[in-house]
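Residue strings, one per chain:
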Amino acid sequence: MTPVSTSALLYLNAITVSFDGFRALNGLSLAIDRGEMRAIIGPNGAGKTTMMDVITGKTRPDDGEAVFAGVHDLTALDEARIANLGIGRKFQRPTVFESHTVANNLLLALKTTRGVFATLFSSVSREQDEMIQELLETVHLGDAQHTLAANLSHGQKQWLEIGMLLAQQPQLLLVDEPAAGMTDAETAKTARLLREINKSRTVVVVEHDMAFVRDLDVKVTVMHEGSVLAEGPLDHVSADERVIEVYLGR
Amino acid sequence: MSAIPARRFGTLPVVLYTVLAVLAVSVPLLNLAVPEGAPFHVSTYVVTLLGKYTAYALLALALDLVWGYCGILSLGHGAFFALGGYAMGMHLMRMIGPRGVYGNPILPDFMVFLNYKELPWYWLGFDNFLFAMLIVLLAPGLLAYVFGTFAFRSRVTGVYFSIITQAMTFAMMLAFFRNDMGFGGNNGLTDFKEIFGIDLQLASTRDAFFVVSVAALAAGYAICRAIVTSKLGKVLIAIRDAESRTRFLGYRVEQYKLFVWVVSACLAGVAGALYVPQVGIINPSEFAPASSIEAVIWVAVGGRGTLVGAILGAVLVNGFKSWFTGAIPELWLFALGALFILTTLLLPRGIVGTLLHRAGAKAMPATLQEDTVDDAISPEPPRDIKQEKLVRLGA
């Protein structure tokens, strides 16, 4: 692959992914700038999750380029490598380690060396402990630190997972439907949390909930049938006739 | 208050080490110092039986490390056990010297019988005890390394992994059955005479083997516990519960799996090496898929993901087996099957798992007990029964 000169933190160019003839992504191109927060919306089957899979190394694209920070070819790296480059991913369904305590979940996510033997002989340093305390504050789980993650509410699990993302100290956060299944109050709290995170990191949010996207108040990319349909501020995008057609049907 | 509590030395290890120490001292004493016929005399037969159980307990421990903590259900751990056993058996064969039926000072009897002219190259060095012990670790370790590298890199998990472990041990069995493999064919290796020049049949030798087995079990437990209470142990549990999440956190899951898999195989090999001199024979039936499955049942009964449970399960089930096969041998497999089904239905956490869960429910969350957190399998009541069942089956 020829190196692309781009100032974007994440640069996707003409990505195509097919599953048994079905084109999940069809020439998708997207550029996310450093420090940006971007909301990605689109109907079911638009390819949002597949796009996340490509960026995090779970799925190899058939064609196209995916470049991180201008130098790393994401299509050639595995999940662990990409995670360690600084791309964190939150899944649609909250995925935390249920038989570990909240604090241990964060400990496992903390950015440290991930080698087998380094991990075997590692011990929790004072700084790490302080970092965990800080994260617990950020995601409002200070009181629940010794609770097993399995016993958290759905909303708390979502926050714990966001906390785990932050613990990784990623440059780029991919957040898949963070507000799914949350109460209105939790949704508003989550939007505040994401805006707070965006002060120091680049964030890509995939979301269905339009009220939540409006809350975030950021540039929106509309995906449809595996490629970008429209891009811009929410008001601009929602006035676009093609977007209305896709969302509301003919 | 610190987020991560300092590692505490739980009560369970103390109990285990104490029991093992008491056994290691009292059993040989009651065998040698108390005269035969006295009420507290422990016969040499019983000492050997206990030594055999101890070797099985080490095998169960090895299995629990991968199954209970990393969710890798091996139905082929008998292969590692048998390889360790064969390495020990080869040393004991060489120690027979010219006392075999054919009186050949170099070649074991079966080789003379099969017209071998000289010792095959892979038998060289086994007259040296230390070399044999090295192979006890290396042979199972290497097999596990090669097998694990391919399986884990290809991301074979769940039942598919379990099935290929069965295939592995079955293939080993077929290979070792062949006479031209040079491992004694279906008769295996037997008629051992001595080790370090000491008669294997002596009561004191049996006692020594028992003590060494108990010491090996204690050491194996210490190693396993060090692993599962380390941060690596937490990663293993994370892999068990949510493998792809662990991967997206940046952990190379296959390397972690490979590490415990190889450690576990080496422990199983040591267990096999301790087993062989005590029972006096090693043959390809040790590779039989059924033996490996039996070991899984020990762990399930005792409680997987608890280490101590695996040890307890191995001793209890084998004690039950010794008694049962003496009383009504033809029904043993039915009893074993019933035991597994009843455990799965009534005690899914196993004996120790259930006890820990009860204790944990009382103690948490007021004081966090590192022990129960680390040792409990899934300290939550079943949420999704179907899923629980699948998990229980290792899927």
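A. View of the overall build of chain B. Of the regular secondary structure elements, chain B holds 16 helices and four strands. The buried share of chain B, taken over its 395 residues, is 46%. Considering only residue pairs separated by 6 or more positions, chain B has 77% of its internal contacts joining residues 24 or more positions apart.

B. A look at the overall build of chain A. Within chain A, the secondary structure is distributed over 10 helices and 10 strands. Relative to the 2.2 N^0.38 estimate, which gives 18 Å for 250 residues, the radius of gyration of chain A is 18 Å and therefore close to what a compact globule would have. For the C-alpha atoms alone, the extent of chain A along its principal axes is close to 55 × 45 × 35 Å. For chain A, the residues scored as buried account for 44% of the 250 residues in total. Considering only contacts in chain A between residues 6 or more positions apart, those separated by 24 or more positions represent 66%.

C. Representation of the domain arrangement of chain A. Residues and elements named next belong to chain A. Parsing chain A into structural domains produces domain 1 (1-85 + 218-250) and domain 2 (96-171 + 182-201). With centres defined by C-alpha atoms, the gap from domain 1 to domain 2 works out at 27 Å. On the side of domain 2, four residues touch domain 1, which itself brings five residues to the contact. Its residues placed into classes, the side of domain 1 that touches domain 2 shows four nonpolar, one polar and no charged.

D. Focus on the pairing of strand S8 (residues 202-206) of chain A. Residues and elements named next belong to chain A. With five of five residues buried, S8 lies mostly within the body of the structure. Of the two faces of S8, the one lined by Thr 202, Val 204 and Val 206 and the one lined by Val 203 and Val 205 are each fully buried. Pairing of strand S7 (residues 172-176) with S8, which is carried by five bridges, proceeds in the parallel orientation. Counterpart to Asp 176 in the pairing with S8 is Val 206. Chirality of the crossover, the property in question, places the unit of S7, helix H7 (residues 184-198) and S8 among those that are right-handed.

E. Highlighting the sheet that holds strand S6 (residues 87-90) of chain A. Residue and element names in this part refer to chain A. The mixed open sheet is built from six strands, whose spatial order is S6-S7-S8-S3-S9-S10. Two strands lie at the open edges of the sheet, namely S6 and strand S10 (227-232), each paired on one side alone. Ignoring which end each strand starts from, the neighbouring axes of this sheet average 20° apart. As defined by bridge partners, strand S3 (residues 37-41) adjoins strand S9 (residues 219-224) across four bridges and the pair is classed as parallel.

F. View of the interface of chain A and chain B. Contacts between the two partners involve 33 residues from chain A, matched on the other side by 29 residues from chain B. Looking at the side of chain A that touches chain B, the elements with two or more residues in it are helix H2 (79-85), helix H3 (102-109), helix H4 (116-120) and helix H5 (126-138) of chain A. Among the elements that make up the side of chain A that touches chain B, the one with the highest residue count is H3 of chain A (five residues). The class makeup of the residues in the side of chain A that touches chain B is 14 nonpolar, 14 polar and five charged.

G. Molecular detail of unusual backbone geometry. All names here are of chain A. For Ala 14, which is not a glycine, the phi torsion comes out positive at approximately 50°. As for its placement among the helices and strands, Ala 14 is situated in strand S1 (residues 10-19). With 14 C-beta atoms counted inside 10 Å, the residue Ala 14 sits in the partly exposed group.

H. Region of interest: the sheet that holds strand S4 (residues 63-68) of chain A. Residues and elements named next belong to chain A. Taken together, the four strands give an open sheet; going across it, the order is S2-S1-S4-S5, and neighbouring strands pair in antiparallel fashion. Lying at the two open borders of the sheet, with one neighbouring strand each, are strand S2 (22-32) and strand S5 (72-73). Direction of pairing for S1 relative to S2: antiparallel, over a ladder of eight bridges. Within S2, the residue paired with Thr 16 across the bridge is Asn 26. Here helix H1 (residues 48-55) sits on the sheet and contacts S1, S2 and S4; the angle it forms with S2, its principal contact strand, is near 65°.

I. Here's a closer look at the pairing of S3 of chain A. Residue and element names in this part refer to chain A. Summarising burial for S3: five of the five residues are buried, a large majority. By the alternation rule, side chains of S3 split into Met 37, Ala 39 and Ile 41 and Arg 38 and Ile 40, which are all buried. Looking at chain direction, S3 and S8 are connected through four bridges and run parallel. Looking at S8, one finds that Ala 39 is bridged to Val 205.

J. Spotlight on the environment of Ala 242 of chain B. As for its position among the elements, Ala 242 of chain B is in the loop between helix H8 (231-241) and helix H9 (243-248). The exposure class of Ala 242 of chain B is partly exposed, given the 19 C-beta atoms found within 10 Å.

K. Region of interest: helix H2 (residues 44-70) of chain B. Residue and element names in this part refer to chain B. Helix length check: H2 (27 residues) gives 39 Å between terminal C-alpha atoms against 39 Å at 1.5 Å per residue, within 8%. At Asp 64, H2 is bent by approximately 35°, the largest bend along its length. With 22 of its 27 residues buried, H2 lies for the most part within the structure. Trailing H2 by a residue or two, Gly 71 shows a phi angle of about 70°, which is positive.

L. Structural view of the packing of helix H11 (residues 289-302) of chain B against helix H12 (residues 308-327) of chain B. Residue and element names in this part refer to chain B. Where H11 contacts H12, the axes come no closer than 7 Å and their chain directions differ by 115°. Crossing of H11 against H12: the hand is right-handed. Touching Ile 297, Trp 298, Val 299, Val 301 and Gly 302 of H11 are Gly 309, Ala 310, Ile 311, Leu 312, Gly 313, Ala 314, Leu 316 and Val 317, all from H12. Considered class by class, the residues forming the contact of H11 with H12 number 10 nonpolar, three polar and no charged.

M. Here's a closer look at the nonpolar core. One finds Leu 59, Ala 60, Leu 61 and Ala 271 of chain B to be the most contacted residues of the largest nonpolar core, which totals 172 residues. If you count residues domain by domain, this core takes at least three from each of domain 1 (1-85 + 218-250) and domain 2 (96-171 + 182-201) of chain A.

N. Spotlight on the confidence of the model for chain B. All names here are of chain B. Considering every residue of chain B, the mean pLDDT works out to 88; 89% of them sit at 70 or more. Considering only residues more than four positions removed or in separate chains, one finds that residues 364-384, a stretch of pLDDT under 50, has 44 contacts. For this predicted complex, the interface confidence score (ipTM) comes to 0.85, while the overall pTM stands at 0.87.

O. Structural context of the packing of helix H3 (residues 77-94) of chain B against helix H5 (residues 129-153) of chain B. Residues and elements named next belong to chain B. Between H3 and H5, whose axes approach to 8 Å, the crossing angle comes to 160°. Judged by the angle between their axes, H3 and H5 are roughly antiparallel. In this structure, H3 meets H5 at a crossing whose hand is right-handed. Here H3 contributes Ala 79, Phe 80, Leu 83, Gly 84, Ala 87, Met 88, Met 90 and His 91 to the contact with H5, which in turn contributes Phe 129, Ala 132, Ile 135, Val 136, Ala 139, Pro 140, Leu 143 and Ala 144. A breakdown of the residues in the contact of H3 with H5 according to their chemical character gives 14 nonpolar, two polar and no charged.

P. Region of the structure containing the environment of Thr 205 of chain B. Residue and element names in this part refer to chain B. Its location among the elements puts Thr 205 in helix H7 (residues 203-229). Thr 205 gets classed as partly exposed once you count the C-beta atoms within 10 Å, which come to 19. Residues Thr 205 and Gly 148, spaced 57 residues apart in sequence, show a C-alpha to C-alpha distance of 37 Å.

Cut-offs applied
Residues numbered from 1 in each chain as written. Chains lettered and ligands numbered in written order. Predicted model: local features only at pLDDT ≥ 70, side-chain atom pairs only at ≥ 80, totals over all residues. Helix = DSSP H or I, 4+ residues; strand = E, 2+ residues; numbered from the N terminus. Buried ≥ 20, exposed ≤ 12 C-beta atoms within 10 Å, placed from the backbone. Contact = placed C-beta atoms within 7 Å. Rg over C-alpha atoms; globule rule 2.2 N^0.38 Å. Domains from an automatic or database assignment. Nonpolar A, V, L, I, M, F, W, Y, C, P; charged D, E, K, R; others polar. Pairing = 2+ DSSP bridges. Right-handed = clockwise from strand over helix to strand, strands pointing away. Axes fitted to C-alpha atoms, helices over the stretch in contact; angles between N-to-C directions. Expected span 1.5 Å × (residues − 1). Bend = angle between axes of the 7 residues up to and from the residue. Left-handed = near helix turned anticlockwise from the far one by under 90°. Core = buried A, V, L, I, M, F, W, Y, C linked by C-beta atoms within 7 Å. pLDDT = per-residue confidence, 0-100. Parallel < 35°, antiparallel > 145°, perpendicular 65-115°, else oblique.

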